[in-house]
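Remarks on the overall topology
Next come the chains, spelled out residue by residue.
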Amino acid sequence: MKLLQVCHARNARHAALFFLVALAACGGGGSADGPTAGADAPSPAPAPAPGASPAPSVPGALSPTYAGEGTFYGATGEGNCTFDASPGNLMVAAMNGPDYAGSAVCGQFVAVTGPKGSITVRITDQCPECKTGDLDLSESAFARIADPVAGRVPIRWHVVPGDLTGPVSYRYKEGSSRWWVAIQVRNHRLPITGLEIKPSGSADWIAVARTDYNYFVHPSAIATGPLQVRITALGGATLIDTLPEPSNGVVVAGAGQFP
């Protein structure tokens, strides 16, 4: 059981494959407690706090560079971030539990470098058992940076702006109404650090808390009618959009995108 956990406890559906390649993947004395004795251990660092302005590690980066281990699983684009499946683009990954930061990393893009090369992935899920600095990539993304038979490899990664087209969009969660408002931000090229609303007739912006399933939830009643939404990205850029009155599962395109 411990051997399967080392190789990848999360991927029961790939258990047979990992059993066959366990010795190659865990190789020469690796254990669940850390890397092979005598090997250079990764030196992971915590992800930047929401709203922080981290010193870029490389040109174009939005964060320092973090180190950890890369693994893979049968990702679909769905997961703890509650995004829709994205079968047409599986360059996605799950963030380790400590760096998931209550869903603050959902939707952000990270450039990952492994033994064979680099790839940019979007964070769509959480890997609770992964250690700080680790990423659990989709099978196709992992194959771009390492040989899948390895199972687990050292990686380095940093946050980058997403290469996106079109404006940001907003999704009202099922059950949303003027009595309980839950909004998810989608298609954002920069990490989202905050969301505020200004209901009809209100003179002030109301800060809305983010849940660990990646929705900003305002649990109190608001006035009937449209409401303004202001989102803030890492670095301080903001966008303001006007959304219709909250309604069950509605997706609304915004007017613009972050620079």
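1. Things to note about the sheet that holds strand 10 (residues 206-210)
Taken in spatial order, the eight strands of this open sheet run 13-12-9-10-11-8-7-14, and their pairing is antiparallel. With one partner strand each, in any of the chains shown, strand 13 (238-243) and strand 14 (251-253) form the two edges of the open sheet. Each strand axis lies, on average, 30° off the axis of its neighbour in the sheet, ignoring direction. Pairing between strand 8 (residues 181-186) and strand 11 (residues 216-218): three bridges, direction antiparallel. In the strand pairing of strand 11, I183 is matched with F216.

2. With respect to the side chain of E196
Structurally, E196 can be placed in strand 9 (residues 192-199). Among the polar contacts listed, one links the side chain of E196 to the side chain of R230, at a separation of 2.8 Å. Once residues lying within four places of it in the same chain are set aside, the contact partners of E196 are W205, I206, A207, V208, Q228, V229, R230 and T232.

3. Here's the deal with the packing of aromatic side chains
Within the structure shown, the criterion is met by three aromatic pairs. With 4.9 Å between their ring centres and 45° between their planes, F72 and F142 make a pair best called tilted. In this pair, F72 is assigned in strand 1 (residues 66-73) and F142 in helix 5 (residues 139-145), connecting sequence segments 70 residues apart. A single burial state applies to F72 and to F142, both of which are buried. Summarising the aromatic geometry, the rings of Y213 and Y215 are spaced 6.0 Å apart at their centres and angled 45° between planes, so their arrangement reads as tilted. Sitting over the ring of Y215, K173 keeps its end group 5.9 Å from the ring centre. The cationic tip of R178 hangs over the ring face of W179; the distance from NZ or CZ to the ring centre is 4.2 Å.

4. Points about the sheet that holds strand 4 (residues 118-127)
Sheet strands line up and pair through hydrogen bonds in the backbone, either parallel or antiparallel. Read once around its circumference, the closed barrel built from six strands follows the order 1-5-2-4-3-6, with strand pairing classed as mixed. For this sheet, the mean inter-axis angle between neighbouring strands, taken without regard to orientation, is 45°.

5. Considerations on the side chain of D241
Inspection of the secondary structure puts D241 in strand 13. Buried and unpaired, D241 has R230 as its nearest opposite-charge partner, separated by 11 Å. Here Y170 takes part through its side chain, which lies 2.5 Å from a polar atom of the side chain of D241. In this structure the side chain of D241 is engaged in a polar contact, spanning 2.7 Å, whose partner is the backbone nitrogen of A255.

6. So, the confidence of the model for the chain
Of all residues in the chain, 78% have pLDDT values of 70 or greater, and the mean over the chain is 84. In the model, residues 1-54 has pLDDT below 50 throughout and makes 88 contacts with residues more than four positions away in sequence or in other chains.

7. Examining the state of the cysteines
Overall, the coordinates contain two disulfides when judged by the stated rule. Put simply, C81 and C106 are joined by a disulfide, and their sulfur atoms are 2.0 Å apart. For the disulfide bridge between C81 and C106, the dihedral angle about the S-S bond is near -80°, and by the sign convention the bridge is left-handed. Highlighted residues: C81 in the loop between strand 1 and strand 2 (92-96) and C106 in the loop between helix 4 (97-100) and strand 3 (109-113), separated in sequence by 25 residues. Residue class for C106 comes out buried when judged on its relative accessible area of 1%. Disulfide pairing places C127 opposite C130 at an S-S distance of 2.0 Å. A torsion of 65° about the S-S bond marks the disulfide between C127 and C130 as right-handed. Counting its disulfide-bonded cysteines in sequence order, the chain shows a connectivity of 1-2, 3-4.

Conventions adopted
- Residues numbered from 1 in each chain as written.
- Predicted model: local features only at pLDDT ≥ 70, side-chain atom pairs only at ≥ 80, totals over all residues.
- Heavy atoms only, no water.
- Pairing = 2+ DSSP bridges.
- Helix = DSSP H or I, 4+ residues; strand = E, 2+ residues; numbered from the N terminus.
- Axes fitted to C-alpha atoms, helices over the stretch in contact; angles between N-to-C directions.
- Polar contact = N/O pair within 3.5 Å; in protein donor to acceptor, adjacent residues only side chain to side chain.
- Contact = heavy atoms within 4.5 Å.
- Phe/Tyr/Trp six-rings, centres within 6.5 Å; stacked < 30°, edge-to-face > 60°.
- Buried < 20%, exposed > 50% of the residue type's maximum accessible area, 1.4 Å probe, protein only.
- Lys NZ or Arg CZ within 6 Å of the ring centre and 35° of its normal.
- Lys, Arg positive; Asp, Glu negative; His and termini not counted.
- Salt bridge = Lys/Arg side-chain N within 4 Å of Asp/Glu carboxyl O.
- pLDDT = per-residue confidence, 0-100.
- Disulfide = S-S within 2.5 Å.

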